[in-house]
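Given next are the chains, with one letter for each unit.
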Amino acid sequence: MKIVHIITRLIIGGAQENTLLSCEGQHDRGHDVTLITGPPLGPEGSLEERARTYGYRVEIIDEMRRSIHPLRDWISTHRMIDYLQAHKPDVVHTHSSKAGILGRYAAHRAGIPLIVHTIHGLAFTASTSRSVNGVYKMLERRMAPLTHRIVCVADSMRDQSLAANIGRREQYVTIYSGMETAPFLSPPVERERTRYRLGMGHDHIAVGTIARLFELKGHEDLLAMAPALCQRFPKVRFLWVGDGVLRAGFERQIAQMNLKDRFIFAGLVPPSKVPELAAAMDILVHPSRREGLARALPQGALAGKPVVTYDIDGAKEAVVDGSTGFVVPPFDRAKLADRLERLIGDASLRRSMGEAGRELALSRFDARVMVDALEHVYAGRV
């Protein structure tokens, strides 16, 4: 098949990794794959080099940006229409909010026979502005009739979309976001070596997060409970993987609490480094306020770590409460702290939950499982 994927920008992020793994897997199977994207602007890093060096085509539309800009959006849309009309792919598969709207419209205008869209996170819940969310909801409703299949990374994405009157139930299919599992099972750098480099000893208990240091990721909740946890458990260390505009403020707050020796900032790392950092953790906590299904959840599980998360969106599809970790009511800091305390104080519980989580993650989140499922969608078998 001739397949074109479209995503707004190739920053380091879950939707972007999902898209690249789809392109790579389909290229390896002999399909003719093209990725259309905008420039990877912003502080979140770039996956453009990885995309360009794999072997499929990469087309950059400079006007494609995350923010709404009528002129740039018009230019981006018409450049996509021209490209699709010239190359006539069998499938156009869009990802992310902006590219999902502009790309599906362009594919419809170009007469593409199969238009697929993946919901990685709900656009109409992303903003604190009700008017902005309302606009996205209206646009998603208009794009749904142009879309042959809507792929969700969690059942909760489907349910919330249908509740918002977006599309028909028969359009939806859930395909969990795949990842390369082997590096998590056998990290390229052994655990103790990574911990030594980060300044941790063998007896420290690392409570880790894998998330951008941005709004809605929930780091503030961890800071609120950190003094009490650190006082009760002298060996606890917080390992934060990721970077962002809130880092300086977090560092100031940590210094004011006299906890600088308890927090380790690993910074922005390429996806290839995440497995060794996950292996260095003892617990993965993800207190985010908005996700589709956060990749950090299966990443922690694949590394054999118990996972603690708020019960938002698709969390329960990656973490089985009481078995592979804990799923606590949304934004309940007291319960989040309680579950962390239980795990910090019980090594055998951490071990048993980690083993159960790894088994679940391998069955649902392997990239090969995702690419197989997309093949069935494109062929009309699901």
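As a reminder, the structure under discussion sits directly above these lines.
Quick notes on the rules
Note on numbering: residues in each chain are counted from 1, in written sequence order. Residues qualify for local features only when their pLDDT is at least 70, as the model is predicted, and side-chain atom pairs are given and counted only at 80 or more; totals for whole chains, interfaces and linings, by contrast, use all residues. Only hydrogens and water are set aside; all other atoms, that is, all heavy atoms of the structure, feed into the side-chain values. Elements are defined by DSSP. Helices are runs of H or I of four residues or more, strands are runs of E of two residues or more, and each kind is numbered from the N terminus. Burial classes follow relative accessibility: with a 1.4 Å probe on protein chains only, a residue under 20% of its type's maximum area counts as buried, one over 50% as exposed, and anything between as partly exposed. Geometry of aromatic contacts follows a simple scheme: Phe, Tyr and Trp rings, the Trp one being its six-membered ring, pair when their centres are within 6.5 Å, and the pair is stacked under 30 degrees between planes, edge-to-face over 60, tilted otherwise. Criterion used throughout: strands pair if DSSP finds at least two bridges between them. Helix axes use the C-alpha atoms of the stretch in contact, all axes being lines fitted to C-alpha atoms, and the angles between their N-to-C directions lie in the range 0 to 180 degrees. Contacts were defined at the residue level, with two residues in contact if any of their heavy atoms lie within 4.5 Å. Comment on the angle field: the value is read as roughly parallel under 35 degrees, roughly antiparallel over 145, roughly perpendicular from 65 to 115, and oblique elsewhere. Should the near helix be turned counterclockwise from the far one by less than a right angle, the crossing is left-handed, whereas a clockwise turn marks it as right-handed. All amino acids are sorted into three groups, where Ala, Val, Leu, Ile, Met, Phe, Trp, Tyr, Cys and Pro are nonpolar, Asp, Glu, Lys and Arg are charged, and the leftover types, Gly among them, are polar. Salt bridge criterion: a side-chain nitrogen from Lys or Arg within 4 Å of a carboxyl oxygen from Asp or Glu.

## Topic: unusual backbone geometry
Not every positive phi belongs to a glycine, and Lys88 is a case in point at roughly 50°. Its location among the elements puts Lys88 in the loop between α3 (70–87) and β4 (91–95). The backbone phi angle of Leu216 is positive, close to 75°, even though this residue is not glycine. Residue position: Leu216 is located in the loop between β8 (205–210) and α9 (219–232). The class of Leu216 is partly exposed, set by a relative accessible area of 35%.

## Some remarks on the packing of aromatic side chains
For the structure on display, the rule yields seven aromatic pairs. Seen from their ring centres, Tyr176 and Phe365 are 5.3 Å apart, and the 55° between their planes marks the pair as tilted. Here Tyr176 is found in the loop between β7 (172–174) and α7 (182–185), whereas its partner Phe365 is found in the loop between α14 (347–364) and α15 (367–378), with 189 residues between them in sequence. By the burial criterion, Tyr176 is buried, and Phe365 matches it. On the basis of an interplanar angle of 75° and a centroid distance of 5.5 Å, the ring pair of Tyr310 and Phe331 is categorised as edge-to-face. Remark: Phe331 occurs in the loop between β13 (325–328) and α13 (333–344) and Tyr310 occurs in strand β12 (residues 307–310); sequence separation between them is 21 residues. You can call Tyr310 buried: its relative accessible area is 0%. What makes Phe331 partly exposed here is its relative accessible area of 37%. Members of the aromatic cluster, connected to one another through ring pairs, are Phe238, Trp240, Phe250, Phe263 and Phe265.

## Some words on the sheet that holds strand β3 (residues 57–60)
With parallel pairing, seven strands are arranged side by side in an open sheet as β3-β2-β1-β4-β5-β6-β7. The open sheet has two free edges, formed respectively by β3 and β7, since each of these has just one partner strand. Neighbour-to-neighbour, the strand axes of this sheet turn through a mean angle of 20°, independent of strand direction. Summarising the sheet, strand β1 (residues 2–9) and β4 pair through four bridges and their orientation is parallel. Within β4, the residue paired with His5 across the bridge is His93. Strands in contact with α3 are β1, β2 (32–38), β3 and β4; relative to β1, the strand with the most contacts, it is inclined by about 170°. Contacting β1, β4 and β5 (114–119), helix α4 (residues 97–109) runs over the sheet at an angle of about 160° to β4.

## Thoughts on the packing of α3 against α4
Where α3 meets α4, the closest approach of the two axes is 8 Å, and the angle between their N-to-C directions is 45°. Here α3 is positioned oblique relative to α4, judged by the angle of their axes. Considering the relative orientation of α3 and α4, their crossing is right-handed. Contacts between α3 and α4 involve Asp73, Ser76, Thr77, His78, Met80, Ile81, Leu84 and Gln85 from the first element and Lys98, Leu102, Gly103, Tyr105, Ala106, Ala107 and Arg109 from the second. Broken down by class, the residue content of the contact of α3 with α4 amounts to seven nonpolar, five polar and three charged.

## Observations concerning the sheet that holds β13
One open sheet accounts for six strands, arranged β10-β9-β8-β11-β12-β13; its pairing is parallel. At either margin of the open sheet sits one strand with a lone partner, and together these are β10 (263–267) and β13. Within the sheet, the average angular offset between the axes of one strand and its neighbour, ignoring direction, is 20°. As paired strands, β8 and strand β11 (residues 283–286) are joined by two bridges and run parallel to one another. Bridge pairing in β11 places Gly208 opposite Leu284.

## Brief notes about the pattern of salt bridges
Evaluation of the coordinates by the stated rule reveals 27 salt bridges. The salt bridge involving Lys98 is made with Asp73; its shortest N-O contact spans 2.9 Å. One end of the pair, Lys98, is in helix α4; the other, Asp73, is in helix α3, and 25 residues separate them in sequence. Where Asp282 meets Arg195, a salt bridge forms, and the shortest distance between an N and an O atom there is 3.2 Å. With a gap of 87 residues between them, Asp282 in the loop between α11 (274–279) and β11 and Arg195 in helix α8 (residues 191–198) connect regions that are remote in the sequence. For Asp282, a relative accessible area of 11% translates into the label buried. According to the relative accessible area criterion, Arg195 is buried, its value standing at 0%.

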